[in-house]
Amino acid sequence: MTTESPRVFVTLYGGPLDGQRIDVTGWSDADRGTGVAHITERGAYGPGGRAMYGPALDDPFPFSTERWVWEGDCP
């Protein structure tokens, strides 16, 4: 019998991807601590642009956070 570890998700707050969830299962603490530049068509730069999200600075446990906040868009 194989025991799988539970899935880990973060919820995105603000910006063009508000409310979406990202599966970060298997990501290291360092990777989860830096966030993501997620490709989206809904950001300021249109198709191919990225919306940047990272751990909320007011979260007391930034490496285990379940919420990331919008930090802006980039091309």
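See the structure shown above.
Since the structure is predicted, the reported quantities are computational estimates derived from the model, not experimental observations.

A. Molecular detail of the nonpolar core. Formed by V10, L12, L17, I22, V24, A51, Y53 and W68, the largest nonpolar core amounts to eight residues. Broken down by secondary-structure element, the contributors of at least two residues to this core are β1 (9–13) and β4 (49–55). Setting aside anything within four residues of it in sequence, one finds A51 in contact with P16, L17, V36, A37, H38, T40, W70, G72 and D73.

B. Inspection of the environment of I39 at higher detail. Among the secondary structure elements, I39 is positioned in strand β3 (residues 36–40). On a C-alpha basis, the gap between I39 and G49 in space is 5.8 Å, while along the polypeptide they are ten residues apart. Beyond its immediate chain neighbours, meaning those up to four positions away, I39 contacts G48, G49 and R50.

C. Up close: the pattern of salt bridges. The tally for this structure, following the rule as stated, stands at two salt bridges. Of the charged contacts in the structure, one is a salt bridge between R7 and D23, with a shortest N-O distance of 2.5 Å. Within this pair, whereas R7 is found in the segment before β1, its partner D23 is found in strand β2 (residues 21–23), the two being separated by 16 residues in sequence. Take R7: its relative accessible area is 52%, and that puts it in the exposed class. Judged by relative accessible area, D23 falls into the partly exposed class, the value being 30%.

Analysis parameters
- Residues numbered from 1 in each chain as written.
- Predicted model: local features only at pLDDT ≥ 70, side-chain atom pairs only at ≥ 80, totals over all residues.
- Heavy atoms only, no water.
- Core = buried A, V, L, I, M, F, W, Y, C linked by side-chain atoms within 4.5 Å.
- Buried < 20%, exposed > 50% of the residue type's maximum accessible area, 1.4 Å probe, protein only.
- Helix = DSSP H or I, 4+ residues; strand = E, 2+ residues; numbered from the N terminus.
- Contact = heavy atoms within 4.5 Å.
- Salt bridge = Lys/Arg side-chain N within 4 Å of Asp/Glu carboxyl O.

So yeah, pure geometry; function would need other evidence.
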